[in-house]
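Each chain is listed here by its residues.
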Amino acid sequence: MNTKLWVVDKDVENKNSYPQIEEAAVLLRQKEVIAFPTETVYGLGADATSDEAVAKIFEAKGRPNDNPLIVHIAKLEQLNHLVSAVSPVAQQLIKHFWPGPLTLVLPKKDGVSEKVTAGLETVAVRMPDHPVALALIAQANVSVAAPSANRSGRPSPTLASHVYEDLNGKIAGIVDGGATGVGVESTVLDCTSDIPTILRPGGVTKEQLEEVIGQVMIDPGLENETEKPKSPGMKYTHYAPKAPLTVVEGTRSYIQQLAKEKQAEGLKVGVLTTEENHSFYQADAVLSCGKRSEPATVAAKLYEALRAFDAAGVDVIYSESFPKEGIGIAIMNRLIKAAGHQIIVE
Ligand code: AMP
Ligand code: MG
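No experiment lies behind these values; they were computed from the predicted model shown.

1. Some words on the packing of aromatic side chains
- Enumeration according to the criterion identifies two aromatic pairs in this entry.
- Centroid distance Tyr-239 to Tyr-303: 5.4 Å. Interplanar angle 25°. Geometry classified as stacked. Remark: Tyr-303 occurs in helix α11 (residues 295–312) and Tyr-239 occurs in the loop between α9 (220–223) and β12 (245–249); sequence separation between them is 64 residues.
- Seen in terms of ring centroids, Phe-280 and Tyr-281 are 5.4 Å apart; in terms of plane orientation they differ by 85°. Their pairing is edge-to-face.
- By relative accessible area, Phe-280 is classed as partly exposed at 32%.
- When the ring centre of Phe-280 is taken as reference, the NZ or CZ atom of Arg-252 above it lies at 4.2 Å.

2. Description of the pairing of strand β10 (residues 197–200)
- Relative to β10, strand β9 (residues 187–190) is paired through three bridges, and the arrangement is antiparallel. Within β10, the position partnered with Val-188 by the bridge is Arg-200.
- Sheet topology places β10 next to strand β11 (residues 217–218); two bridges connect them, and they run parallel. Opposite Ile-198, over in β11, you have Ile-218 as the bridge partner.
- What joins β10 to β11 is helix α8 (residues 206–213), and the crossover it makes is right-handed.

3. Considering the environment of Gln-30
- One can find Gln-30 in the loop between α1 (19–29) and β2 (34–36).
- The exposure class assigned to Gln-30 is partly exposed, which follows from its relative accessible area of 48%.
- Taking the C-alpha atoms as reference, Gln-30 lies 9.6 Å from Ala-140; in sequence the two are 110 residues apart.

4. Side note on unusual backbone geometry
- In this chain, Trp-98 is followed by Pro-99 through a cis amide linkage whose omega measures -10°.
- If you trace the backbone, Pro-99 turns up in the loop between α4 (88–97) and β5 (102–107).
- The residue Ala-118 is not glycine, and still its phi comes out positive at about 55°.
- Among the secondary structure elements, Ala-118 is positioned in the loop between α5 (114–117) and β6 (122–126).
- Of note in the backbone geometry, His-341 takes a positive phi value of approximately 70° without being a glycine.
- As for its placement among the helices and strands, His-341 is situated in the loop between α12 (328–338) and β16 (343–345).

5. A word on the environment of Ala-145
- In this fold, Ala-145 is placed in strand β7 (residues 144–145).
- Exposure remark for Ala-145: the relative accessible area of 0% places this residue in the buried category.
- Separated by 200 residues in the primary sequence, Ala-145 and Val-345 have C-alpha atoms spaced 39 Å apart.
- The residues contacting Ala-145, other than those within four sequence positions of it, are Leu-44, Gly-45, Ala-46, Ala-48, Val-54, Ile-57, Leu-69, Ile-70, Val-71 and Val-116.

6. Some details on the environment of Asn-65
- Relative to the helices and strands, Asn-65 resides in the loop between α2 (51–61) and β4 (70–72).
- Note: C-alpha distance between Asn-65 and Ala-55 (10 residues apart in sequence) is 8.9 Å.
- Each residue touching Asn-65, except ones within four places of it in the same chain, is listed here: Phe-58 and Ala-118.

7. Description of the packing of α4 against α8
- Where α4 meets α8, the closest approach of the two axes is 10 Å, and the angle between their N-to-C directions is 120°. Between α4 and α8, the angle falls in the class oblique. Between α4 and α8 lies a crossing whose hand is right-handed. Contacts from Val-89, Gln-92, Leu-93, His-96 and Phe-97 in α4 reach Gln-208, Leu-209, Val-212 and Ile-213 in α8.

8. Concerning the side chain of Asp-166
- Within the secondary structure, Asp-166 is located in helix α7 (residues 160–167).
- The buried category is assigned to Asp-166, whose relative accessible area is 8%.
- Within the structure, Asp-166 has its side chain in polar contact with the side chain of Arg-307 (distance 2.9 Å).
- Each residue touching Asp-166, except ones within four places of it in the same chain, is listed here: Asn-150, Arg-151, Arg-154 and Arg-307.

9. A word on the sheet that holds β7
- What the 11 strands build is an open sheet, ordered β1-β8-β2-β3-β7-β4-β6-β5-β9-β10-β11; its pairing is mixed. Each end of this open sheet is capped by a strand with a single partner; those strands are β1 (4–7) and β11.
- The pairing of β4 with β7 spans two bridges and is antiparallel. From the neighbouring strand, His-72 faces β7, where its bridge partner is Val-144.
- Contacting β1, β2, β3 (43–47), β7 and β8 (173–176), α1 crosses the sheet at an angle of about 140° to β1.
- Across the sheet, helix α6 (residues 131–140) is in contact with β2, β4, β7 and β8; its angle to β2 comes to roughly 145°.

The rules behind these values
- Residues numbered from 1 in each chain as written.
- Chains lettered and ligands numbered in written order.
- Predicted model: local features only at pLDDT ≥ 70, side-chain atom pairs only at ≥ 80, totals over all residues.
- Heavy atoms only, no water.
- Phe/Tyr/Trp six-rings, centres within 6.5 Å; stacked < 30°, edge-to-face > 60°.
- Helix = DSSP H or I, 4+ residues; strand = E, 2+ residues; numbered from the N terminus.
- Buried < 20%, exposed > 50% of the residue type's maximum accessible area, 1.4 Å probe, protein only.
- Lys NZ or Arg CZ within 6 Å of the ring centre and 35° of its normal.
- Pairing = 2+ DSSP bridges.
- Right-handed = clockwise from strand over helix to strand, strands pointing away.
- Contact = heavy atoms within 4.5 Å.
- Axes fitted to C-alpha atoms, helices over the stretch in contact; angles between N-to-C directions.
- Parallel < 35°, antiparallel > 145°, perpendicular 65-115°, else oblique.
- Left-handed = near helix turned anticlockwise from the far one by under 90°.
- Polar contact = N/O pair within 3.5 Å; in protein donor to acceptor, adjacent residues only side chain to side chain.

Listed below in structure tokens is the structure:
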């Protein structure tokens with residue numbers, strides 16, 4: 001398949017006049033699969049009401065069928081076609097956080113493709129905060145099911161070039177709107193339980209949610225590996241660079257010592273660090289993902305850094321760890337998954 005590429009300026013004045021997006025929207029209506037930028041990561045979109053279209057997402061990504069997708073909408077009216085009820089709490093959250101990196105799990109209506117929900121009685125929905133995503137969904141005039149636009153298991157794409165790397169030849173097109181913003185995926189919040197429950201930490205923090213709706217729980221499956229996660233996607237290894245990654249909870253000197261030991265065995269070693277600590281390390285590839293003092297910059301650069309280790313051709317990677325608070329919860333969740341749960345505590 002020939003993958004088309006459209007470059008669009010996300011800052012154009014008149015959001016109704018994206019000629020390239022019209023072409024992409026036509027392909028979406030024709031049940032093709034299109035990658036597009038959102039404020040979190042690049043998404044791989046298809047018409048959420050069409051089994052045929054949604055099946056193409058799973059095929060292109062190599063995604064397991066039991067992992068449901070998030071449906072993206074551009075206008076609130078679209079929600080009525082997808083869900084059977086919006087609780088007062090969900091309404092408050094929508095008012096406060098949409099468009100934005102918060103996905104709500106709500107009771108579904110018939111008509112949503114079973115392939116989207118993986119047979120569940122609920123559907124996950126969000127409105128992305130990105131002018132290009134909103135224009136594309138609005139012009140296609142369909143709800144768009146979209147997981148991250150990477151091959152399953154790989155780090156999520158934060159640049160169009162990442163999508164190209166993974167999916168060129170496998171999808172109808174890529175809308176290139178530059179670098180995404182938040183860098184980690186949306187927070188997935190189950191609004192069907194008595195106390196709303198975070199199934200996946202992400203761009204909106206627990207503290208931010210609690211300021212608006214009071215008590216919020218975290219799915220025990222996220223913390224405790226023996227519990228079955230309620231969000232099916234959380235059980236898969238994800239976000240992984242090609243070389244094995246180990247997260248180290250310890251000092252810089254300890255990480256440097258681990259790196260030296262592997263080098264002595266003849267291996268090429270990568271260290272994932274931050275701008276503050278970059279000059280401290282000696283290894284084959286020392287890459288920083290943002291500033292430790294500004295965790296949002298770490299979220300924004302994390303996946304790009306993980307992908308860059310592939311280009312550096314290292315054999316093993318050690319990563320610093322981050323405080324599990326605020327956006328740090330999402331950062332550590334992705335890092336630990338990328339490491340396949342390999343953690344060394346000093
Ligand atoms: P991704 O599409 O890769 O960003 O992942 C979407 C996440 O949302 C996965 O972890 C899914 O398991 C989760 N998800 C999607 N739909 C539902 C649903 N109806 N109930 C619970 N989790 C869901
Ligand atoms: Mg994903």
